[in-house]
Amino acid sequence: MKKETRILHAGRHPEQFHGAVNPPVYHASTILHPSVAAMEKSGKTPFVGVRYGRYGTPTTFALEEAVAELEGGARAVATSSGLAAITGALMAFLKAGDHVLMTDGAYFPTRKFCDSVLAGLGIETTYYDPLIGAGIAALMRPNTRVVFTESPGSLTFEIQDIPAIAAAAHAGGAVVMIDNTWGVLNFQPFTKGVDVSIQAATKYIVGHADAMLGTITVADPDLWLRIKTSVAAFGHSPGSEEMYLGLRGLRTLPVRLKRHAATALALAKWLEARPEVDRVLYPPLPSDPGHALWQRDFDGACGLFGVILKPVAKNALDAMLDGYDHFKLGFSWGGFESLVIPTTGHAVVRTATDWSPAGPSLRFHAGLEDVDDLLADLEKGFERLACAG
Ligand SMILES: *Cc1c(COP(=O)(O)O)cnc(C)c1O
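Residues numbered from 1 in each chain as written. Predicted model: local features only at pLDDT ≥ 70, side-chain atom pairs only at ≥ 80, totals over all residues. Heavy atoms only, no water.

Okay, the site of the ligand next. Among the 13 residues in the neighbourhood of the ligand, the closest are listed as Gly 82, Leu 83, Asp 179, Thr 202 and Lys 203. At 2.6 Å, a side-chain N or O of Lys 203 approaches an oxygen atom of the ligand. Trp 333 places a polar side-chain atom, nitrogen or oxygen, 3.0 Å from an oxygen atom of the ligand. For the ligand, the protein covers 91% of the area, taking 380 Å² as the surface of the free molecule. When atoms are counted within 2 Å of each cavity's grid points, the one that captures over half of the ligand is the largest pocket. Along the lines of polarity and charge, the residues of the shell around the ligand split into 6 nonpolar, 4 polar and 3 charged. (Near = heavy atom within 4 Å. Polar contact = N/O pair within 3.5 Å; in protein donor to acceptor, adjacent residues only side chain to side chain. Areas by Shrake-Rupley, 256 points an atom, 1.4 Å probe, with all protein chains shown as cover. 1 Å grid on protein atoms, 1.4 Å probe; cavity = no way out; pocket = protein on both sides within 12 Å on 5 of 7 lines; lining within 4 Å. Sits in = over half its atoms within 2 Å of the grid points. Nonpolar A, V, L, I, M, F, W, Y, C, P; charged D, E, K, R; others polar.)

Right, here's the structure in full:
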């Protein structure tokens, strides 16, 4: 069965729920146990069956089963947000005195967690060039427990050579993690050497900008227990309705993603040819430095890309961004509508690599609107840029 077909069935067991097509939403904190003996037994295996709401209900299990299938893993752990998935996964493997290798292209709050919480716990982070590939071997230390990747990188969109990084990390005994939010179902992490794959399900899995949700998927069941234990210890449990929205979003994910990606490619090509534009950062573009690796390792793309403009006055840029009809100013991405954010200056923090484009940088999310409407919106934006400049 193709991935698109499998996703429709993943985590669904209508025969257990009176034939209902979708898994029911369990609103539960308290779970009643029939006897003291049963209660004691469930305490010995807290993650088997249903014991208490925080540890999971059949709604949780349905989502975890579906996401594991989506990513080609064995088991998953659902969390209350994408960031909770990142921090819960990291904390499952790190203790005082350990060392983490973190990509310089990491999502900013991931970085902030390393520099604040991990640093405070005596866990050292070294940032590395996302394009390092097999060269990461030189940065490995005896106490390096985790090599964290994100491909393409947040805001700067570098594609990483994950198989090469994973081989070097494993040779040094480290666990390889990926923030696979951009790849969603188009990057199959476990065939590329990844041990732990993280989704900000808030983005494309939920897909409608109406819930926060995260997932952590593994291929090795022993890692699952470690991660589940960590996530449970922090109390990172997702809400029932949020999980249902994630499950619902999953069913249409392949169709939505294709459309987001096709629109993004059309916009990226059009933008690339504009005189106001210096560079477009989108791995599916043949001109993108990561194009060959993207073609080798990904089955497709999504709607998120970056643009670097030629130098322009701030008031002109603000006039362009403020006046869009469709590209609204907002964080997050993966919902049905188009978005834009300026990423110039301190928005992009890099310490292992140089990131200093001459002109302003932007991040666009191509939504599900008609592509011609979006192109017209961009064109009018450049008119405002010219008038104000
Ligand atoms: C949004 C995002 C996250 C965090 O997800 P939340 O659900 O907002 O906590 C993590 N990684 C990437 C790449 C993201 O874009």
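On we go.
Our focus in this paragraph is the nonpolar core. Within the largest apolar cluster, 74 residues are counted, with the highest numbers of intra-cluster contacts made by Trp 182 and Tyr 282. If you tally residues by element for this core, the top one is helix 8 (residues 240-272), at 10 residues. Taken domain by domain, the makeup of this core includes at least three residues from each of domain 1 (3-251) and domain 2 (253-388). If we skip the residues at most four places from it in the chain, Tyr 282 touches Trp 182, Ala 261, Ala 264, Leu 265, Ala 268, Asp 288, Ala 301, Cys 302, Leu 304 and Phe 305. The next biggest cluster of nonpolar side chains, apart from the first, holds 31 residues, and it includes Leu 90, Phe 113, Cys 114 and Leu 118. (Core = buried A, V, L, I, M, F, W, Y, C linked by side-chain atoms within 4.5 Å. Buried < 20%, exposed > 50% of the residue type's maximum accessible area, 1.4 Å probe, protein only. Helix = DSSP H or I, 4+ residues; strand = E, 2+ residues; numbered from the N terminus. Domains from an automatic or database assignment. Contact = heavy atoms within 4.5 Å.)

Let's shift gears to the pattern of salt bridges. A full pass over the atoms with the stated rule returns 14 salt bridges. Put simply, Glu 124 and Arg 141 hold a salt bridge, and the shortest N to O gap is 2.9 Å. Of this pair, Glu 124 sits in strand 3 (residues 124-128) while Arg 141 sits in the loop between strand 3 and strand 4 (144-150); the two residues are 17 residues apart in sequence, bridging distant segments of the chain. Under the relative-accessibility criterion, Glu 124 is labelled partly exposed at 42%. Its relative accessible area of 32% is what places Arg 141 among the partly exposed residues. Put simply, Asp 161 and Arg 296 hold a salt bridge, and the shortest N to O gap is 2.8 Å. One end of the pair, Asp 161, is in the loop between strand 4 and helix 6 (162-171); the other, Arg 296, is in helix 9 (residues 291-297), and 135 residues separate them in sequence. Using a relative accessible area of 46% as the deciding quantity, one classes Arg 296 as partly exposed. One network of salt bridges, with partners in common, ties together Lys 95, Asp 98 and Arg 145. (Salt bridge = Lys/Arg side-chain N within 4 Å of Asp/Glu carboxyl O.)

Here we take up the side chain of Thr 156. Residue placement: Thr 156 occurs in the loop between strand 4 and helix 6. On the basis of relative accessible area, Thr 156 is assigned to the buried category, the value being 6%. Side-chain polar atoms of Thr 156 contact the side chain of Glu 158, separated by 2.7 Å.

Running from N to C, helix 8 and helix 11 (residues 371-388) cross one another at 30°; their axes reach a closest spacing of 10 Å. In terms of orientation, helix 8 and helix 11 fall into the roughly parallel class. Regarding helix 8 and helix 11, the two cross each other, and that crossing is right-handed. On helix 11, the residues touching Thr 263, Ala 266, Leu 267, Trp 270 and Leu 271 of helix 8 are Val 371, Leu 374, Leu 375, Leu 378, Glu 379 and Phe 382. Residues of the contact of helix 8 with helix 11, tallied by class, amount to 9 nonpolar, 1 polar and 1 charged. (Axes fitted to C-alpha atoms, helices over the stretch in contact; angles between N-to-C directions. Parallel < 35°, antiparallel > 145°, perpendicular 65-115°, else oblique. Left-handed = near helix turned anticlockwise from the far one by under 90°.)

Pairing is mixed across the open sheet formed by 7 strands, whose spatial order is 1-7-6-5-4-2-3. Looking at which strands have only one partner, the edges of the open sheet turn out to be strand 1 (75-79) and strand 3. The mean angle between the axes of side-by-side strands here comes to 20°, regardless of whether they run parallel or antiparallel. Relative to strand 4, strand 2 (residues 99-103) runs parallel, the two being bridged by 4 bridges. Across the sheet, residue Val 100 finds its bridge partner in strand 4, namely Val 146. (Pairing = 2+ DSSP bridges.)

Turning to the packing of aromatic side chains, a few remarks are in order. Counting across every chain of the model gives 14 aromatic pairs. Measuring from ring centre to ring centre gives 6.5 Å for Tyr 324 and Phe 364, while their planes differ by 65°; the resulting arrangement is edge-to-face. Here Phe 364 lies in strand 12 (residues 361-365) and Tyr 324 lies in the loop between helix 10 (314-322) and strand 10 (328-329), a separation of 40 residues in the sequence. For the pair formed by Tyr 324 and Phe 364, the shared burial category is buried. Feature note: the residues Trp 182, Phe 187, Tyr 282, Phe 298, Phe 305, Tyr 324, Phe 327 and Phe 364 constitute an aromatic cluster, connected by ring pairs. Over the ring of Phe 187 we find Lys 192; its NZ or CZ atom is 5.2 Å from the centre of that ring. Directly above the aromatic system of Tyr 324 lies the positively charged group of Arg 384, at a separation of 5.4 Å from the ring centroid. (Phe/Tyr/Trp six-rings, centres within 6.5 Å; stacked < 30°, edge-to-face > 60°. Lys NZ or Arg CZ within 6 Å of the ring centre and 35° of its normal.)

Moving on, we come to the domain arrangement of the protein chain. How big an interface is tends to be expressed through the accessible area that disappears when the partners come together. Per the domain assignment, the segments making up the protein chain are domain 1 (3-251) and domain 2 (253-388). Between the C-alpha centres of domain 1 and domain 2 there is a distance of 28 Å. Listed as interface residues are 43 residues of domain 1 and, on the opposing side, 41 residues of domain 2. Together, the buried faces of domain 1 and domain 2 total about 3400 Å²; carbon and sulfur atoms form 64% of this surface. When residues of domain 1 are sorted by the area they lose upon contact with domain 2, Leu 155, Trp 182 and Tyr 204 head the list and together hold 26% of the total. Linking domain 1 to domain 2 there are 3 salt bridges. Among the ionic pairs, Glu 4 bridges to Lys 258, the shortest N-O distance being 3.4 Å. Taken together, the connections running from domain 1 to domain 2 amount to 21 residue pairs in polar contact (both at pLDDT 80 or more). For the side of domain 1 that touches domain 2, the secondary structure elements donating two or more residues are helix 1 (3-9), helix 5 (108-120), strand 3 and helix 8. Taken together, the residues of the side of domain 1 that touches domain 2 sort by class into 21 nonpolar, 13 polar and 9 charged. (Buried area = accessible area lost by both parts, 1.4 Å probe.)

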